[in-house]
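# Per-entry structural report
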Amino acid sequence: MFKKLYLIFILFVFNNAYSNDLCDLLLNDDFIVPEITINEGFTVNVEIEVKKVRIYSQSTLSEFAFDQRTSFPNENFAKFINKNYPNLKSNGCLMYGDEKIRTVLKKIEIIEPTIRSNKMLENKFRFLSVFRVFDKELNKDLWGYEYEQSKKFEIENINTFNRFPFDSIATYVDFEYEQLKFEEVVDDYYLEYGDQFGEGKKSQLEWNKSQIKNSSTMNEFKLIDHGITKEEMTFVGGGTYPSYLYYFEFKRNVGYYILKVLLPVIFIVFLSFSVFWIRNQEIEAKLNVSIVCLLALIAYNFAVNSDIPKINNLTILDSFVLISYLFSGLSTFMAIYSYYDYRRDKLVGDFNPIDKKLRKAAPSFYILSIIVVCSFIYTLE
């Protein structure tokens, strides 16, 4: 009898302790949270903020880091707490730490979107808040959840490599809420809010653009467009669900390639054209200049080759380099032919008429060829 009374007392104290402390109640292994149901007339509010973007793997992949905050009132949870634990002393519970939060979330059917990505690299919970609010209009208590996640995932880019290094990259990040209806999710990306000090108010779109532009990992690219759209998706069976599509378009910064690739190559090619100003009798000097320029062009191409995407299609940079090879090699060939023609026709004077014509023709055709071919490749889809 004594043992039975003692057991009843222990169970009473144990249950009462948890029922008066919401955090301990949520962490109690015996506590089972009911299924999530959004209060009628309310919505799930989400806020997805871009923290960092990195484009890598020869510009074929992007790595996105997002902070996602979700909040909503849970009708079933409110009914369950009000019925079984009406005398809770605490009106809320705030938890930090990924492992601790996941322990609670195992018993809560959390609302989390499906992200169509190559792979998820990180998904950590920063905080979880469960709270009670009295709604004066409804004249009843509402219990709600709010939690923030830090996510990092990999997305495959849509490239226009044929325009390299004047190419652009498009990336789509799709957040699909398959367990909700279209009208049940709201992402107020157009509303303005300030920083941690309440200053510099911007919309979610503007904050995303600012974060990406200031990111230390975006030196090679610049953001030229970003948009967010809400779409109503359809299941195979006919049902619908909401989806938020985040669109990003980046353009490669061409300054590096102009200064480190294009201008040096043009300089080498124009240097090879100097053979047309060397006297025809000095064939060795002409060959030395033209061959050294051709070899320098080949060596320089190998030096910058690691920065060029490995693709089968002919890019603008590929065509530019090939044309440069052709004209640099042409100057070598013309140096030999000019000397042969000069000796064969027993010409007099220091220069072959062919050399005099090529002084203007070679640079002009070189620049014209680059403009025509590269413009044609740029227009290709």
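Notes on the structure in this doc start here.

Once that is clear, we can look at a nonpolar patch on the surface. A cluster of nonpolar side chains, namely I291, L295, I298 and F302, defines an oily patch on the protein surface of about 400 Å² accessible area. Looking at the secondary structure, you find L295 in helix α7 (residues 283-304).

By size, the foremost hydrophobic cluster in this structure holds 55 residues, and its most contacted members are L26, F66, V173, F175, F248 and F250. The biggest single contributor to this core is strand β1 (residues 44-56), with six residues. Once you skip the residues sitting within four places of it in the chain, F175 turns out to touch I48, F66, Q68, P113, T114, I115, F153, P242, S243, Y244 and Y246. Counting residues in each nonpolar core, the second largest holds 25 residues, with Y257, I268, F327 and C374 among its members.

Attention shifts here to the packing of helix α6 (residues 255-272) against helix α8 (residues 316-344). Where α6 meets α8, the closest approach of the two axes is 9 Å, and the angle between their N-to-C directions is 15°. Taken together, α6 and α8 sit at an angle that is classed as roughly parallel. In the packing of α6 onto α8, the handedness of the crossing is left-handed. Residue-level inspection shows V261, L262, V265, I266, V269 and S272 of α6 in contact with α8, the latter providing L317, F320, S324, F327, S328 and S331. Looking at side-chain class alone, the contact of α6 with α8 contains eight nonpolar, four polar and no charged residues.

Quick look at the side chain of N162 now. Note on placement: N162 falls in the loop between β7 (158-159) and β8 (168-176). A distance of 3.0 Å separates the side chain of N162 from the backbone oxygen of L380, its partner in a polar contact. When neighbours within four sequence positions are excluded, N162 is seen to be in contact with L314, T315, I316, I377, Y378 and L380.

Note on aromatic pairs: each is described by the distance of the centres and the angle between the planes. With the rule as written, the count across this model stands at 29 aromatic pairs. With a centroid separation of 5.5 Å and 5° between ring planes, the pair formed by F66 and F153 is classed as stacked. Pair noted here: F66 is in strand β2 (residues 61-73) and F153 is in strand β6 (residues 140-156), with a separation of 87 residues, a long-range link. Residue F66 is classed as buried on the basis of its relative accessible area, which comes to 1%. Accessibility expressed as a relative area gives 0% for F153, which makes it buried. Seen from their ring centres, Y256 and Y257 are 5.0 Å apart, and the 90° between their planes marks the pair as edge-to-face. The structure contains a cluster of three or more aromatic residues connected by ring pairs, namely F64, F66, F153, F175, Y246, F248 and F250. Its end group placed over the ring of W207, K202 keeps NZ or CZ at 4.8 Å from the ring centre.

Right, let's get into the sheet that holds β2. Strand order across the open sheet formed by six strands is β3-β5-β6-β2-β1-β9, with mixed pairing between neighbours. Looking at the sheet topology across the chains shown, the edges are occupied by β3 (92-96) and β9 (185-187). The sheet shows a mean angle of 20° between the axes of neighbouring strands, direction not considered. For β1 and β2, the ladder comprises eleven bridges, and the chain directions are antiparallel. By the bridge assignment, Y56 is partnered in β2 with L61. Those strands touched by helix α3 (residues 75-84) are β2, β5 (119-135) and β6, and its axis lies near 140° from that of β6. Sitting on the sheet, helix α5 (residues 204-213) touches β1 and β9, and the angle it makes with β1 is about 20°.

The subject of this paragraph is the environment of I370. Tracing the backbone through its elements, the reader meets I370 in helix α9 (residues 353-379). With relative accessibility at 13%, the residue I370 sits in the buried group. Residues I370 and L317, 53 residues apart in the sequence, show an inter-C-alpha distance of 10.0 Å.

What follows concerns the environment of I81. Along the chain, I81 falls in helix α3. Accessibility expressed as a relative area gives 0% for I81, which makes it buried. Sequence separation of I81 and K251 is 170 residues, and the distance between their C-alpha atoms is 53 Å. The residues contacting I81, other than those within four sequence positions of it, are L25, F31, P86, L88 and W143.

Quick notes on the rules
Residues numbered from 1 in each chain as written. Predicted model: local features only at pLDDT ≥ 70, side-chain atom pairs only at ≥ 80, totals over all residues. Heavy atoms only, no water. Patch = residues over 30% accessible without salt bridge, like charges linked within 9 Å, V, L, I, M, F, W, Y side chains within 5 Å. Areas by Shrake-Rupley, 256 points an atom, 1.4 Å probe, with all protein chains shown as cover. Salt bridge = Lys/Arg side-chain N within 4 Å of Asp/Glu carboxyl O. Helix = DSSP H or I, 4+ residues; strand = E, 2+ residues; numbered from the N terminus. Core = buried A, V, L, I, M, F, W, Y, C linked by side-chain atoms within 4.5 Å. Buried < 20%, exposed > 50% of the residue type's maximum accessible area, 1.4 Å probe, protein only. Contact = heavy atoms within 4.5 Å. Axes fitted to C-alpha atoms, helices over the stretch in contact; angles between N-to-C directions. Parallel < 35°, antiparallel > 145°, perpendicular 65-115°, else oblique. Left-handed = near helix turned anticlockwise from the far one by under 90°. Nonpolar A, V, L, I, M, F, W, Y, C, P; charged D, E, K, R; others polar. Polar contact = N/O pair within 3.5 Å; in protein donor to acceptor, adjacent residues only side chain to side chain. Phe/Tyr/Trp six-rings, centres within 6.5 Å; stacked < 30°, edge-to-face > 60°. Lys NZ or Arg CZ within 6 Å of the ring centre and 35° of its normal. Pairing = 2+ DSSP bridges.

Geometry only, nothing functional implied.
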